[in-house]
Amino acid sequence: MKEIVVISGKGGTGKTSISASFAYLEASNAVIADCDVDAANMHLLLDADFSHREDFFSGEVAVIDEDICTNCGECYDVCRFDAITKTDEFHKVNPINCEGCWYCSRVCSHGAITMKTQKAGDLFISNIKNGGIMAHAKLGFAAENSGKLVAKVKQTARAKATQENKDYVITDGSPGIGCPVISSLSGANLVVLVTEATISGLHDLERVYKLVKTFKTPAVCIINKYDLNLDMSDKIEQFLKSENVEVIAKLSYDETFAKALAQAKTIIEFDENSEISKTIKESWNKIKSVVDTDK
Amino acid sequence: MTITIASGKGGTGKTTVSSNLTYYLSEMGKNVVLADLDVEEPNSSLFIKADKVNTKIAYTMKPVWVEDNCKLCGKCAEVCNFNAILALPKGILTFPELCHSCYACSELCPTDSLPMKPSKIGEITEYKTEKFSFVEGRLDLGQEMAVPLIAQTMEYVNEKFPEAIKLWDSPPGTSCPVIEASKNSDFVVLITESTPFGLNDLTLAVETMKVLGKKYGVIINRYGIGDNSVEEYCQKENIPIITKIKNDKEVAKLYSKGELIYPKIEHFKNSLDEIVEFIEGLK
């Protein structure tokens, strides 16, 4: 089983539209993982049925028992996260600020503070279009630990792929370079970088690629909207060449992305014979040939 | 007044709107400062031609083991709730990337063998143009936690520019970094696009703002490209639509080069006027 992770650094480059197209093409032989857990939306394109749901618990939050609290302030003094406020009769926890470190509960000499496990989100396994399977999640509102939820989604997708004898896991990663992305990248066989021919597309690509390099995972790149700025597209290609990253496709600026999306269709379904669909199909075949030859 | 410019979905135009709006407000004679809080991928500086005036190294405090008096009692590992400390028979191992800087290990150690020392996480850079200042937080590669740097960047701006209108260019998403960039603001502007992805991610962002108890409004960008679902949602939920920015390839082209939009595109300038009018109405 091989895992392919699609990431972009910058948001809005077409990453999810492209990975959903791959998912549609390879549905019968892949499990899909939507790891953009704090704004998960791939399910919209793949018609996920949310057939299996489980709670995802992660992190804890301090709770002060008002009846026991003597208002002594020990907890307030040790908290580094501004999570404890004083009132006239007792101290209070602001759950949004609480980091779940336990320090306050350990120092409270009255035993007034307990730690409560928090539900951080929901994990789903869905049947999707074309007979595929997808693992995805929804992070709770204003919840933390998205990195851990990403790890859980990946783990679920891999287990499902092994169980169902599928050859690929296709992972839609999250934007940025922080904990959710680091979680998305771990254990992948190939990284597909999706960028766009804009000044920020190049900047964010350079940054996220440095991160990819620390994982020593092979990478290929798709340049989206290349004809928006040919000069920038050249600069991106030069950068990738200097890093020995192959450009497997260049897609033109095309409102098909939004039009297909408005009908909740992948680009392939929207018009199977369009140039853009052909290019995406070729890219996917190329990706498979790269991971299949990689030992 | 502090305004956060956020979005659930990435790539909807946060940086385009915040950088153009800052220039526009400053040209109107307003005292305005912009902070790029998308510390994982900061790129406002690509759109703002400015001189660097100050760089501050940003640190978080991490425990460092000092062997001298340590009795290897293991208390530090026991009180760490993030698995960032391992007590071995012959020494203490710390894992700074897992550490949340809560100080419990350091302060509960009976022999003071784990003093907290500063560890670099990124840089805060202040820039100056003719008419306004701009501050960027930039996370070092390999650092997982954006929140402390976002907090320090805001603190830097608040201390240095107490009187200014502050615009926070937020990271995308709905989790900890966005919450940090929104929780102390007076108003949150959510930028979205009129597609099912835009709507899905907007509803997530709105729910987050409700939990935080924030006031918020919506800007619909690339208006006309998808469907009407975002507008219908805002009407149903009574969320103010601050402006609709027309879908226009020329805007995308200017953006791709790092150029300002409003001096060249009239409808974009009209949208900025609507945003300014809305902000004035908030006071």
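Participant: Which residues make up the overall build of chain A, and what values do they have?
Facilitator: On a plain count of helices and strands, chain A comes out with eleven helices and eleven strands. When each of the 295 residues of chain A is scored for burial, the buried share is 54%. Across chain A, contacts joining residues at least 24 apart in sequence account for 76% of those joining residues at least 6 apart.

Participant: Got a sec to walk through the overall build of chain B? Specific residues and values, please.
Facilitator: Tallying secondary structure elements over chain B gives nine helices and eleven strands in all. For chain B, the spread of C-alpha atoms along the principal axes amounts to about 70 × 40 × 35 Å. Counting all 283 residues of chain B, 52% fall into the buried class.

Participant: Outline helix 7 (residues 199-215) of chain A, supporting the account with residue identities and numerical values.
Facilitator: For helix 7 of chain A, with 17 residues, the first-to-last C-alpha span of 25 Å sits near the 24 Å given by 1.5 Å per residue. Taken as a whole, helix 7 of chain A has its buried residues at Ser200, Gly201, Leu202, Asp204, Leu205, Arg207, Val208, Tyr209, Leu211 and Val212 of chain A. Structurally, helix 7 of chain A contributes buried residues whose contacts are with strand 1 (2-7), helix 6 (179-185), strand 9 (190-196), strand 10 (219-224) and helix 8 (230-242) of chain A together with helix 1 (14-27) of chain B. Count one or two residues on from helix 7 of chain A and you reach lysine 216 of chain A, which has phi positive near 55°.

Participant: I'd like to hear about the interface of chain B and chain A, residue by residue, with values.
Facilitator: With 53 residues of chain B in contact, the opposing surface of chain A contributes 51 residues. Among the elements of the structure, helix 3 (104-108), helix 5 (176-182), helix 6 (196-212) and helix 8 (249-257) of chain B are those that each provide at least two residues to the side of chain B that touches chain A. No other element matches helix 6 of chain B, which puts nine residues into the side of chain B that touches chain A. Each residue belonging to the side of chain B that touches chain A can be placed in one class, and the counts come to 22 nonpolar, 19 polar and twelve charged.

Participant: Requested: an account of the domain arrangement of chain A, with residues and values cited.
Facilitator: Accessible area lost on assembly of the parts is the figure often given for the size of an interface. Domain assignment breaks chain A into domain 1 (2-56 + 123-293) and domain 2 (66-111). One C-alpha centre belongs to domain 1 of chain A, the other to domain 2 of chain A, and the line joining them spans 43 Å.

Participant: Please provide a residue-by-residue account of the sheet that holds strand 9 of chain A, values included.
Facilitator: All names here are of chain A. Strand order across the open sheet formed by nine strands is 3-6-7-2-8-1-9-10-11, with mixed pairing between neighbours. Whereas interior strands pair on both sides, the edge strands pair on one side only; in this sheet they are strand 3 (52-64) and strand 11 (246-250). Ignoring which end each strand starts from, the neighbouring axes of this sheet average 20° apart. The pairing of strand 2 (residues 30-34) with strand 7 (residues 132-139) spans three bridges and is parallel. Its bridge partner lying in strand 7, alanine 33 is registered against alanine 135. The sheet strands contacting helix 5 (residues 146-163) are strand 2, strand 3, strand 6 (113-128), strand 7 and strand 8 (168-172), and the helix crosses strand 7 at an angle near 165°.

Participant: Outline the nonpolar core, listing residues and values.
Facilitator: Side chains of nonpolar character tend, in soluble globular proteins, to be buried together. Ranked by internal contacts, the top residues of the largest apolar core, which has 154 residues, are Val153 of chain A together with Leu190 of chain B. Looking at this core, the element that brings in the most residues is helix 6 of chain B, giving seven residues. Contacts of valine 153 of chain A, omitting those with residues within four sequence positions, involve Ala33, Asp34, Cys35, Val37, Leu123, Ala135, His136 and Ala137 of chain A. Formed by 25 residues, the second largest nonpolar core is a distinct cluster that contains Ala62 of chain A together with Ile92, Cys102 and Cys109 of chain B.

Participant: Lay out the domain arrangement of chain B in plain terms, naming residues and giving numbers.
Facilitator: Split into domains, chain B comes out as domain 1 (2-59 + 123-282) and domain 2 (65-114). Relative placement of domain 1 of chain B and domain 2 of chain B: their C-alpha centres are 40 Å apart.

Participant: So, the sheet that holds strand 2 (residues 32-36) of chain B: which residues are in play, and what are the values?
Facilitator: All names here are of chain B. Across the sheet, which stays open at both edges, the nine strands sit in the order 3-6-7-2-8-1-9-10-11 with mixed pairing between neighbours. Edge positions in the open sheet fall to strand 3 (51-63) and strand 11 (241-246), since each of these has one partner strand only. Taking the axes of each pair of neighbouring strands and ignoring which way they run, one obtains an average angle of 20° across the sheet. Relative to strand 7 (residues 133-139), strand 6 (residues 116-128) is paired through seven bridges, and the arrangement is antiparallel.

Participant: Any chance you could break down helix 8 of chain B for me, citing the residues and the numbers?
Facilitator: Listed as buried for helix 8 of chain B are Val251, Leu254, Tyr255 and Ser256 of chain B. Looking at the buried positions of helix 8 of chain B, the neighbouring elements they touch are helix 7 and helix 8 of chain A together with helix 1 and helix 9 (266-282) of chain B. In the segment just after helix 8 of chain B, glycine 258 of chain B is the residue with positive phi, at about 80°.

Participant: Can you tell me about the pairing of strand 11 of chain A, naming the residues and giving the values?
Facilitator: Residues and elements named next belong to chain A. Note: strand 10 against strand 11, four bridges, orientation parallel. Looking across to strand 11, one finds that isoleucine 222 is bridged to alanine 249. For the segment spanning strand 10, helix 8 and strand 11, crossover handedness is right-handed.

Participant: Account for unusual backbone geometry, with residues named and values stated.
Facilitator: Across the chain, the bulk of peptide bonds are trans and the bulk of non-glycine residues have phi less than zero. In the Ramachandran plot, aspartate 47 of chain A falls in the positive-phi region, its phi being about 60° despite a non-glycine side chain. Mapped onto the elements, aspartate 47 of chain A comes out in the loop between helix 2 (42-46) and strand 3.

Participant: Can you break down the pairing of strand 1 (residues 2-6) of chain B residue by residue, with the values?
Facilitator: Residues and elements named next belong to chain B. Of all five residues in strand 1, four are buried; the element is thus mostly enclosed. As paired strands, strand 1 and strand 8 (residues 165-169) are joined by four bridges and run parallel to one another. Pairing of isoleucine 3 across the sheet is with leucine 167, part of strand 8. Note: strand 1 against strand 9 (residues 187-193), four bridges, orientation parallel. Note on strand 9: the bridge partner recorded for isoleucine 3 is phenylalanine 187.

Participant: Kindly report on the confidence of the model for chain B, identifying the contributing residues and their values.
Facilitator: Confidence along chain B averages 95 in pLDDT terms, with 100% of residues attaining 70 or more. The ipTM assigned to the predicted complex is 0.90, against a pTM of 0.92.

Rules behind the numbers
- Residues numbered from 1 in each chain as written.
- Chains lettered and ligands numbered in written order.
- Predicted model: local features only at pLDDT ≥ 70, side-chain atom pairs only at ≥ 80, totals over all residues.
- Helix = DSSP H or I, 4+ residues; strand = E, 2+ residues; numbered from the N terminus.
- Buried ≥ 20, exposed ≤ 12 C-beta atoms within 10 Å, placed from the backbone.
- Contact = placed C-beta atoms within 7 Å.
- Expected span 1.5 Å × (residues − 1).
- Nonpolar A, V, L, I, M, F, W, Y, C, P; charged D, E, K, R; others polar.
- Domains from an automatic or database assignment.
- Pairing = 2+ DSSP bridges.
- Axes fitted to C-alpha atoms, helices over the stretch in contact; angles between N-to-C directions.
- Core = buried A, V, L, I, M, F, W, Y, C linked by C-beta atoms within 7 Å.
- Right-handed = clockwise from strand over helix to strand, strands pointing away.
- pLDDT = per-residue confidence, 0-100.

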